[in-house]
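Structural description and commentary
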Amino acid sequence: MAGATGTGKSYIACALGMEACKHYYATKYIRLPELLAELAVARGEGKFKEAIRHYQKYTLLILDEWLLIKLTETEARDLLEIIHARHKKVSTIFCSQFAPLGWYTKFPEATVADAILDRIVHDSHSIEIQYIDKEHDRSMREIYGIDSKNT
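Cut-offs applied
- Residues numbered from 1 in each chain as written.
- Predicted model: local features only at pLDDT ≥ 70, side-chain atom pairs only at ≥ 80, totals over all residues.
- Heavy atoms only, no water.
- Helix = DSSP H or I, 4+ residues; strand = E, 2+ residues; numbered from the N terminus.
- Buried < 20%, exposed > 50% of the residue type's maximum accessible area, 1.4 Å probe, protein only.
- Contact = heavy atoms within 4.5 Å.
- Areas by Shrake-Rupley, 256 points an atom, 1.4 Å probe, with all protein chains shown as cover.
- Salt bridge = Lys/Arg side-chain N within 4 Å of Asp/Glu carboxyl O.
- Core = buried A, V, L, I, M, F, W, Y, C linked by side-chain atoms within 4.5 Å.
- Expected span 1.5 Å × (residues − 1).
- pLDDT = per-residue confidence, 0-100.

With respect to the overall build of the protein chain
Scanning the protein chain from terminus to terminus reveals 6 helices and 5 strands. For the protein chain, the residues scored as buried account for 36% of the 151 residues in total. A separation threshold of at least 6 residues defines the contact pool for the protein chain, and within that pool the share at least 24 residues apart is 82%. Carbon and sulfur atoms provide 54% of the accessible area of the protein chain, an area that totals close to 9,400 Å².

If you want it as structure tokens, here you go:
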């Protein structure tokens, strides 16, 4: 498992995902809000365990927009089920605007937060991308000379 934070985190995660696909690894990219919505629908339709098995099958799961907003108790428990099912079996990349130290506050229950973060933090690699330019608030595209109008 890995965590990436900062402006360029999604680019790195997508590059890793594309490389995994080139090597025929089952790979899935999804934004956390979309995943949580899918799990809520699955729960309502009585297909929650099936949804968990679906996400367990990917060799690499990329979760973007990780913990942008505080989770509800149900969302946190749903995430625990997915992370537990994948733990030490397959890889997950968490892309967040926040450093891992700030993740704990996004959970409504300390016990669930501990359970999830223990599974993520141990045996993981963290990549933090930080760019601070107090004079100019520039995007990664501007920093690396990529013209956003032509891409």
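Remarks on the pattern of salt bridges
A complete count under the given rule lists 6 salt bridges for this structure. One salt bridge connects aspartate 78 with arginine 43, and the closest N-O pair in it is separated by 2.2 Å. Taken as a pair, aspartate 78 in helix H4 (residues 73-86) and arginine 43 in helix H2 (residues 32-44) lie far apart in primary sequence, 35 residues in all. Judged by relative accessible area, which is 3%, aspartate 78 ranks as buried. The network of salt bridges with shared partners includes Arg31, Glu34 and Glu65.

Structural notes on the nonpolar core
Ranked by internal contacts, the top residues of the largest apolar core, which has 31 residues, are Leu35 and Trp66. Of all elements in the fold, only H2, helix H3 (48-56), strand E3 (60-64), H4 and helix H5 (110-121) reach the threshold of two or more residues within this core. The residues touching leucine 35, leaving out its near neighbours within four places in the chain, are Ile30, Tyr55, Leu63, Leu79 and Ile82.

With respect to H4
Across its 14 residues, H4 extends 20 Å between first and last C-alpha, which sits within 8% of the 20 Å expected from 1.5 Å per residue. Buried within H4 are the following residues: Ala76, Asp78, Leu79, Leu80, Ile82, Ile83, Ala85 and Arg86. In this structure, the buried residues of H4 make contact with H2, H3, E3, strand E4 (91-96) and H5. In the segment just after H4, lysine 88 is the residue with positive phi, at about 65°.

Overview of the confidence of the model for the protein chain
Taken over all residues, the pLDDT of the protein chain has a mean of 87, while the share at 70 or more is 79%. Across the protein chain, element-level confidence peaks in H2 with a mean pLDDT of 98 and bottoms out in strand E1 (residues 2-5) with 50.

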